[in-house]
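A closer look at the structure
Single-letter residue listing:
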Amino acid sequence: WHAGRCWFVGAAAECGQAKGWINAADGSLTPEQVAATWQVTDGSAWLDAPELRLIAGEALASALAAAADTVALVGATPQNRQRAWLGIFKRRPEAVNGWPSYALLGDDGTRLWHAGRCWFVGAAAECGQAKGW
């Protein structure tokens, strides 16, 4: 949202107020037109984030289309928990919440998706929700 002289990213409850977690002091009509340097807060001060940017339109479509067709979730887990859900995931044709989604190779009932601010692995029936295994 835009408030005062800035574009903000923050909690829905603060929408319209001149506060948030991320901002850019820019009077552009839309956030993707921001030319100013975006800033993030550390809780007490605003820190420049010169590599942060907002993309939309063809740039966003291109970035989403460039998502890998195959990804592998690998590595050690504490006490070997949730190891059964590691492996190779193939991209599904359907986007979930506007993001690419994946199915575990050999187990279409296990999915990888994005919801809220996180990636989740879980049951196909939960795909798109902010929960998983």
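Scroll up to find the structure.
The shown structure was predicted, so the numbers you read here are calculated from the model rather than taken from an experiment. (Residues numbered from 1 in each chain as written. Predicted model: local features only at pLDDT ≥ 70, side-chain atom pairs only at ≥ 80, totals over all residues. Heavy atoms only, no water.)

**As for the environment of Pro78**
- Mapped onto the elements of the fold, Pro78 is located in the loop between β6 (70–73) and β7 (87–91).
- Sequence separation between Pro78 and Ala61 is 17 residues, and the spatial gap between their C-alpha atoms is 36 Å. (Helix = DSSP H or I, 4+ residues; strand = E, 2+ residues; numbered from the N terminus.)

**A closer look at the sheet that holds strand β1 (residues 2–3)**
- Pairing within the open sheet is antiparallel, and its five strands lie in the order β1-β2-β3-β4-β5. Looking at the sheet topology across the chains shown, the edges are occupied by β1 and β5 (46–48).
- Here strand β4 (residues 39–41) runs beside β5; their pairing, made up of three bridges, is antiparallel. Of the residues in β5, the one forming a bridge with Gln39 is Asp48. (Pairing = 2+ DSSP bridges.)

**What to know about the sheet that holds β6**
- Taken in spatial order, the five strands line up as β6-β7-β8-β9-β10 in an open sheet, and their pairing is antiparallel. A single partner strand is all that each edge strand has here, and the edge strands are β6 and β10 (118–123). Each adjacent strand pair in this sheet contributes to an overall mean axis angle of 30 degrees, direction not counted. (Axes fitted to C-alpha atoms, helices over the stretch in contact; angles between N-to-C directions.)

**Some words on the pattern of salt bridges**
- In this structure the tally under the stated criterion is four salt bridges.
- Ionic pairing is found between Glu94 and Arg92, a salt bridge with its closest N-O pair at 2.9 Å.
- Glu94 gets classed as partly exposed once you look at its relative accessible area, which sits at 39%.
- According to the relative accessible area criterion, Arg92 is buried, its value standing at 17%. (Salt bridge = Lys/Arg side-chain N within 4 Å of Asp/Glu carboxyl O. Buried < 20%, exposed > 50% of the residue type's maximum accessible area, 1.4 Å probe, protein only.)

**So, the packing of aromatic side chains**
- Enumeration according to the criterion identifies four aromatic pairs in this entry.
- Centroid distance Trp99 to Trp119: 5.8 Å. Interplanar angle 85 degrees. Geometry classified as edge-to-face. With Trp99 in the loop between β7 and β8 (102–104) and Trp119 in strand β10, the pair connects residues that are 20 residues apart, well separated along the chain.
- Since its relative accessible area comes to 37%, Trp99 is described here as partly exposed.
- Between Trp113 and Phe120, the ring centres sit 6.3 Å apart and the planes meet at 25 degrees, which makes this aromatic pair stacked. The same class applies to Trp113 as to Phe120, namely buried.
- In this structure, Arg117 packs its charged tip against the face of Trp21, placed 5.5 Å from the ring centre. (Phe/Tyr/Trp six-rings, centres within 6.5 Å; stacked < 30°, edge-to-face > 60°. Lys NZ or Arg CZ within 6 Å of the ring centre and 35° of its normal.)

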